[in-house]
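Survey of secondary and tertiary structure
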Amino acid sequence: MEFRHLRCFLVLAEELHFGRAAARLSMTQPPLSLTIQQLEASVGAPLFVRNSRGVALTPAGQALVPRARALVDAAGAAAREAREVAQGVSGQLRVGFAGTVLYRGLPQVLRAFAQRHPRLKLVLREMSSSDQLIELQHNRLDAGFVHTTRVPPGCAQVLVSRQAFVACVPAGHPLATKRRVLPSALAGEPFVSIARAVSPDYHDRLLALCADHGFEPDVRFELRHWLSVVSLVAQGLGVSMVPAALQQAGLPGAAFVPLQGESPPYETRCLWRADAEGAALRAFLDAVRDFAQPAESAT
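Rules of the game
Residues numbered from 1 in each chain as written. Predicted model: local features only at pLDDT ≥ 70, side-chain atom pairs only at ≥ 80, totals over all residues. Heavy atoms only, no water. Helix = DSSP H or I, 4+ residues; strand = E, 2+ residues; numbered from the N terminus. Buried < 20%, exposed > 50% of the residue type's maximum accessible area, 1.4 Å probe, protein only. Core = buried A, V, L, I, M, F, W, Y, C linked by side-chain atoms within 4.5 Å. Contact = heavy atoms within 4.5 Å. Pairing = 2+ DSSP bridges. Axes fitted to C-alpha atoms, helices over the stretch in contact; angles between N-to-C directions.

**Things to note about the environment of Leu6**
- You can see Leu6 is positioned in helix 1 (residues 3-15).
- Residue classification places Leu6 among the buried residues on the basis of a relative accessible area of 3%.
- On a C-alpha basis, the gap between Leu6 and Leu39 in space is 7.7 Å, while along the polypeptide they are 33 residues apart.

Laid out in structure tokens, this is it:
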């Protein structure tokens, strides 16, 4: 039994006339008759009654109609889905992201992408930058938003955004009302930091910034998420330096003060495997590049 047999069968079942059915199928009557005979031989039962009054379905033919239609429709849907995936119209992408991207970059990209490609599904996974690099290398992510300058070999990238670090202090802290503060103003305070295992680049760069200003921070807490860092500061358990976008988190009890002088920029990059292919990934990267500043984009 072949799909062409079923298609011919369904058209003849609708027309109940070999001439009209053959015309719809753009074929002549003899090949149509042969096709129906082949299908009947495959089924092992007559599907049509042919007599002087015309053509009628047998009980076996009537039973086959809904099943044949379901098979033909399913085959058409499968072919259509495969075609749309190849064209980037539908399908699924696995995208990783570090938490702070929720406050700058990711929502804008997701909104633009959803408007252009409503049938493409994004499976989002929140994880640290270091975990994303592992998942990308093992092909368990299609793309990832990371905060690292250490792009591994085999990965392509686009710089999505760059922002400053700010001092984060409890709302009642004497520094909370300052317009700007030097990093050295945080010396001697209990310090809350992102864990080095989570973000080695920024952990080391912030310690180096403190060293440049003549002090070693008294790190009391190391956490896995920047939002957890701000939450602990808001509870009055220490001070920190965090990416400026976290001001949008709106956590009560935390104040943010710009740093005076130069500090390392906090950069967000979108990474993907350089050898990755697919229209869906290309469409997603188009949305990423549209959000990124033209001068910041690079692959």
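**Describing the nonpolar core**
- Residues Leu186, Trp226, Met241 and Val242 are the most contacted members of the largest nonpolar core, which totals 38 residues.
- Counting residues per element, the ones that place at least two in this core are strand 7 (165-170), strand 8 (190-194), helix 7 (200-212), helix 8 (226-234), strand 10 (240-243) and strand 11 (254-258).
- It is helix 8 that contributes the most residues to this core, six residues altogether.
- The residues touching Met241, leaving out its near neighbours within four places in the chain, are Phe165, Val166, Ala167, Pro183, Leu186, Phe191, Leu206, Leu209, Cys210, Trp226 and Leu259.
- The next biggest cluster of nonpolar side chains, apart from the first, holds 23 residues, and it includes Phe97, Phe113, Ala283 and Leu285.

**Quick notes on the sheet that holds strand 5 (residues 143-146)**
- Read across the sheet, five strands follow the order 4-3-5-12-6 without closing on themselves; strand pairing throughout is mixed. Either end of the sheet is taken by a strand with one partner, and the two such strands are strand 4 (120-126) and strand 6 (155-163). Between one strand axis and the next, the sheet turns through 20° on average, direction left out of account.
- Here seven bridges tie strand 3 (residues 91-97) to strand 4, and the two strands are oriented parallel to one another. Residue pairing across strands places Gly91 opposite Leu120, the latter belonging to strand 4.

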